[in-house]
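Each chain, written out:
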Amino acid sequence: MTGASASQNYLAKAAAPEKVGVEGLEDKWSIAWENDGVYRFNREASREQVYSIDTPPPTVSGSLHVGHVFSYTHTDVVARFKRMSGFEVYYPMGWDDNGLPTERRVQNFFGVRCDPSLPYDPSFTPPFEGGDNKSSKAADQIPISRRNFIELCERLTTEDEKQFEALWRKLGLSVDWAQTYQTISPDAQAVSQKAFLNNLSRGEAYQSLAPTLWDVTFRTAVAQAELEDREQPGAYHRVGFDGPDGKVFIETTRPELLPACVALVAHPDDERYQGLFGKTVRTPLFEVEVPVVAHRLAQIDKGSGIAMICTFGDVTDVIWWRELDLPNRAIIGFDGRILADAPEGIESARGLEIFAEIAGKTVFSAKQRIVELLQETGDMVGDAKPISHPVKFFEKGDKPLEIVSTRQWYIRNGGRDAALRDELIAAGKKLNFHPDFMRVRYENWVNGLTGDWLISRQRFFGVPIPVWYALDANGEPDFEKVLTPDAASLPVDPSTDVPAGYTESQRGQANGFIGEVDIMDTWATSSLTPQLAGGWISDPEKYAKVFPFDLRPQGQDIIRTWLFSTLLRSHQESGQLPWSNAAISGWILDPDRKKMSKSKGNVVVPAEPIDNHGADGVRYWAAAARLGTDAAFDEAQMKVGRKLAVKILNAARFALGFEVPAADATVTEALDQAMLLDLAAVIDEATEAFASYDHTKALEVAEKFFWGFTDDYLELVKDRAYGQGGVTEQEQASAVLALRIALHNLLRLFAPFLPYATEEVWSWWQTGSIHRSAWPKSADFANSLDVANRGLLQSAAAAVFKIRKAKSDAQVSMRADVQSATLKAPAELIGQLRQVAPDLRAVGHIFELNLVEASELELTDLVLVAE
RNA sequence: GGGCGUAUGGCGUAGUGGUAGCGCGCUUCCUUCACACGGAAGAGGUCACUGGUUCGAUCCCAGUUACGCCCACCA
């Protein structure tokens, strides 16, 4: 412990500069902290002494955002409090450089795209560097090999990570920079692969050939957690099917899926269609007989109440298809275009002819053509009715998702397993959410899961799924025969590494093997940040000391992804919660209270506010927002924070400027004791607030006390501390010592929020870093104080206020000399004021102050000294 | 359609079952002995709306509205 001796240092000699300011403190101290290893994690600490933080690894895909500064400051404030409270804080930093955002940025930045079929070119240099998001169209991008592409990814992310680190250092995050990780590093790949293989061996990972939500731009499957709805224009087309008793009309927004129609569906209770259930109708144009079926999900009041089921227009189609055991007549390919071959079922020459015409077209063009044809034949009634409706998108994509049948890897997540779901809900109840109501979002998500977690992605820059498949005598893969690597050989790349018992020459050969080409979803790696950050594979000894982590800070938007998936993986791997606390930060809104986002173009780059208002100023703004609450980007608040930092420097310079009292000096005077009693209460309150993750409250009480300290107490004791007005040595020493005790404690109270200004002052008179000093304890100084003095400062301040008001009303300087004045006060107050009368006369420059009992506090009979 | 959160002077925010606090901004005044990156004083609010519980509601309850977010089976 570092702090036991802190209370001995009140009387240290101080060397404050003549002129103080906050300029340059960031550079000066961030370098000093690094050189002195102030935030270095001491791995010799016991598990009980460690406070570990599962820091969010920022996505290293380019631009920084003030939102980053906001939430990371919250975490840092907690880290600093815990460190000062005697914990050995494990505060690492990760970089999320794995996945689509990086791929996309590399494509644009270097003007390239990945073509895994190409060979590696060791001498490749990109056509240019520094392209922005708009400059490169797919057609202009140079195709390069996967290995070349990944090299460029790594090159770019290394640059981006340097920028992030520089920003974090300037902001004053107390991260241990010796503890960093990357989600694409070999260690991260090994962690991901090991966890996956463990899932596989426990039966938690499996593969399945099934309809999958598919992004046609990125040509990859996506998971439920990556979906978002977007309101899109569409149109209802009223289309007639030939039924046994005449036309049956349905309404559809996707007439191009007519050849994929496998049935019509209506609600079992819908009286209009009772006679049709069990019969068949004929699709227009394609002339396929399809059954009319009943299902509870059909909505009586929607459209005509009867809908066509296609393979697959939306996820409801998938449910119908599965539950009603319908045939698969999928017509959309991986590229979002209509497949070349007509599905089974279309047999008529006319139907085949029409299909041939739309084959290869985009969904959009196919729709146009089908509508034309339907109108020509009269199978479509009237014009299309424009509507606006929600459509599912991949959150990073810009074309609607299609549903394509593919073989994919899944991890069980409770979506199809009530027992697991209940376990996960129970685990969530044991996790301390800050604020508590955020737990509901977690529970909503878990209860709303509709399927297992699809983790395979048909992309390039990511962690390969570490399996191979045996090929049969015909050279066809046997997906039942999954070949896995030894744990010791991780990480592996199945496209270049060879499974045990095979040789490279057998790749792709009959009775040989092929490697899995898919990579894992980024969340499959991000869900392992405790294992990555803690050194699960690379440093088991450290891992045992930091896992389970104490804190997971994160944004509310990724409760369904990051928080949930991390909890799931930890539950599967260790049966434990990955952390005991989850601190959820709110959004940053622009001054118009709109969420900041790149698409709105209202993002503020964080380096600017730091340059303009100082790191302490920006941190003050961020720290003033409570967890879970949105905050406006507010430069005025940053100015206030900067002002506070400047005030601390000046007040400290003043308080430390008086002659140092003798070693045996004590705080004897009632007013000085009263001030320290107030401070003791503030320390207790701030400590309690911090303990319950309410850092805003801690800041608020400290700040409130501080302004009263400077405005009132400092003014009251100024003359006495100078030894003016015939005060005794004891009276003088009491004031000076009280000032120093207050400053010593106040600096430490503010240290988590304003690390630069407080460290600067600390360095004038103390040794070591304030950020390794002990968090203040009221018992260090308050036990010897007479509690009868409590409240005296407040009473004195009330009298000072009256004196100032009288001068303000008289429009004279606060320093104007007063010949005489009468202070009237109620009986219970007058005794207190008598105790502090000399200090009151000093602050008011009043030669003769008469104290008179009255019903209300009042200053009268002000007689100024004539000029 | 379901859920969660928020609503307090021009703006940003505390707070409590008993006459509403703070900061910014604003008005007026005060300069140089810690601080003009300053100091002092002042004006400014029927605590979103409607009911209910209560002696008494900004606070508790119900409903409404607005905003934000999450979720939803979206023909």
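In the block above lies the structure referred to throughout.
Predicted model only: the values in this text are computed from it and were never measured.

Asker: I keep staring at helix 15 (residues 607-623) and nothing clicks. Help me out?
Answerer: With 17 residues, helix 15 extends just 17 Å between its outermost C-alpha atoms, more than 12% less than the 24 Å of an ideal straight helix rising 1.5 Å per residue. At Gly 614, helix 15 is deflected by roughly 110 degrees, the largest bend along its length. Counting buried residues in helix 15 gives 13 out of 17 residues, a clear majority hidden from the surface.

Asker: Is there a simple way to explain the packing of helix 23 (residues 827-835) against helix 24 (residues 837-844) in this structure?
Answerer: The axes of two packed helices give the description: the angle between them and the distance between them. One can describe the packing of helix 23 onto helix 24 by two numbers: an axis separation of 4 Å at closest approach and a directional angle of 75 degrees. With respect to helix 24, the axis of helix 23 lies roughly perpendicular. The segment helix 23 lies against helix 24, with Leu 833, Arg 834 and Gln 835 engaging Ala 837, Pro 838 and Leu 840. Of the residues in the contact of helix 23 with helix 24, the class split is four nonpolar, one polar and one charged.

Asker: Mind showing me how you'd approach the sheet that holds strand 29 (residues 846-853) here?
Answerer: Consider a sheet: its strands pair through backbone hydrogen bonds, and that pairing is either parallel or antiparallel. Read across the sheet, three strands follow the order 29-28-30 without closing on themselves; strand pairing throughout is mixed. Edge positions in the sheet fall to strand 29 and strand 30 (858-864), since each has one partner strand and no second. In this sheet, adjacent strand axes meet at a mean angle of 15 degrees when their direction is disregarded. Judged from the seven bridges that link them, strand 28 (residues 818-825) and strand 29 form a sheet pairing that is parallel. Residue pairing in the sheet places Val 818 in a bridge with Ile 846 of strand 29. Packed on one face of the sheet, helix 22 (residues 792-809) meets strand 28, strand 29 and strand 30 and runs near 45 degrees to strand 30. Contacts between helix 24 and the sheet are confined to strand 28 and strand 29, with strand 29 contributing the most and set at about 130 degrees to the helix.

Asker: What should I look at first to understand the pattern of salt bridges in this one?
Answerer: As a working rule, side chains carrying opposite charge can pair if their charged atoms are close by. Within this structure, the stated rule accounts for 45 salt bridges. A salt bridge links Glu 34 to Arg 169; its shortest N-O distance comes to 3.0 Å. Taken together, the residues Glu 34 in helix 1 (residues 25-36) and Arg 169 in helix 4 (residues 146-171) connect sequence positions 135 residues apart. The exposure class assigned to Glu 34 is partly exposed, which follows from its relative accessible area of 29%.

Asker: Got a minute to help me understand unusual backbone geometry in this structure?
Answerer: The phi torsion of most residues other than glycine is negative, and most of the peptide bonds are trans. Cis geometry is adopted by the peptide bond preceding Pro 491, which originates at Leu 490 and carries an omega value of 0 degrees. Within the secondary structure, Pro 491 sits in the loop between strand 21 (477-483) and strand 22 (513-515). Along the chain, Phe 547 connects to Pro 548 via a cis peptide bond; the corresponding omega equals -5 degrees. Topologically, Pro 548 is positioned in the loop between helix 13 (540-546) and strand 24 (549-555). Unusually for a residue other than glycine, Arg 219 sits at a positive phi of about 55 degrees. Position of Arg 219 among the secondary structure elements: in the loop between strand 7 (205-215) and strand 8 (220-221). Residue classification places Arg 219 among the partly exposed residues on the basis of a relative accessible area of 47%. Phi is positive for Asp 325, which is not a glycine, with a value near 55 degrees. Note that Asp 325 resides in the loop between helix 6 (315-323) and helix 7 (349-358). Look at Asp 325 and you get exposed, because its relative accessible area is 68%.

Asker: What am I meant to see in the environment of Pro 233 here?
Answerer: Structurally, the position occupied by Pro 233 is in strand 9 (residues 227-243). By relative accessible area, Pro 233 is classed as exposed at 72%. Here the alpha-carbon distance between Pro 233 and Pro 386, two residues 153 residues apart in the chain, equals 7.0 Å.

Asker: When you look at the protein's contact with RNA strand B in this model, what are you seeing that I'm missing?
Answerer: Around RNA strand B lies a shell of 57 residues, among which Gln 299, Pro 390, Lys 392, Arg 560 and Tyr 722 are the nearest. For RNA strand B, the backbone makes up 71% of the atoms found within 4 Å of the protein, where backbone means sugar plus phosphate. Note that a sugar or linking oxygen of RNA strand B is positioned 3.2 Å from one of the side-chain N or O atoms of Asn 650. Taking Glu 700, its side chain carries an N or O atom lying 2.9 Å from a sugar or linking oxygen of RNA strand B. Going through the elements one at a time, strand 9, strand 10 (246-252), helix 6, strand 15 (380-394), helix 10 (438-448), helix 16 (635-655), helix 18 (695-722) and helix 22 are the ones with two or more residues in the surface near RNA strand B.

Asker: Is there a simple way to think about the packing of aromatic side chains in this case?
Answerer: Under the counting rule described, the total for this entry stands at 33 aromatic pairs. Residues Tyr 90 and Phe 549 carry aromatic rings whose centres are separated by 6.3 Å and whose planes lie at 55 degrees to one another, so their mutual orientation is tilted. Taken together, the residues Tyr 90 in strand 2 (residues 88-90) and Phe 549 in strand 24 connect sequence positions 459 residues apart. With respect to burial, Tyr 90 and Phe 549 carry one shared label: buried. Between Trp 95 and Trp 177, the aromatic rings sit 6.3 Å apart at their centres with planes inclined by 20 degrees, giving stacked as the arrangement. Of this pair, Trp 95 sits in strand 3 (residues 93-95) while Trp 177 is found in the loop between helix 4 and strand 6 (180-182), placing the two residues 82 residues apart along the sequence.

Asker: Would you take a moment to explain the sheet that holds strand 21 for this structure?
Answerer: Taken together, the three strands give an open sheet; going across it, the order is 21-20-22, and neighbouring strands pair in antiparallel fashion. Of all strands in the sheet, those bounded by a partner on one side alone are strand 21 and strand 22. Between one strand axis and the next, the sheet turns through 40 degrees on average, direction left out of account. In this structure, strand 20 (residues 468-471) lies alongside strand 22, joined through three bridges in antiparallel fashion. Across the sheet, the residue bridging to Tyr 469 is Ile 514, located in strand 22.

So, how was this worked out
- Residues numbered from 1 in each chain as written.
- Chains lettered and ligands numbered in written order.
- Predicted model: local features only at pLDDT ≥ 70, side-chain atom pairs only at ≥ 80, totals over all residues.
- Heavy atoms only, no water.
- Helix = DSSP H or I, 4+ residues; strand = E, 2+ residues; numbered from the N terminus.
- Expected span 1.5 Å × (residues − 1).
- Bend = angle between axes of the 7 residues up to and from the residue.
- Buried < 20%, exposed > 50% of the residue type's maximum accessible area, 1.4 Å probe, protein only.
- Axes fitted to C-alpha atoms, helices over the stretch in contact; angles between N-to-C directions.
- Parallel < 35°, antiparallel > 145°, perpendicular 65-115°, else oblique.
- Contact = heavy atoms within 4.5 Å.
- Nonpolar A, V, L, I, M, F, W, Y, C, P; charged D, E, K, R; others polar.
- Pairing = 2+ DSSP bridges.
- Salt bridge = Lys/Arg side-chain N within 4 Å of Asp/Glu carboxyl O.
- Near = heavy atom within 4 Å.
- Polar contact = N/O pair within 3.5 Å; in protein donor to acceptor, adjacent residues only side chain to side chain.
- Phe/Tyr/Trp six-rings, centres within 6.5 Å; stacked < 30°, edge-to-face > 60°.

By themselves, these are just geometric observations and shouldn't be taken as functional.
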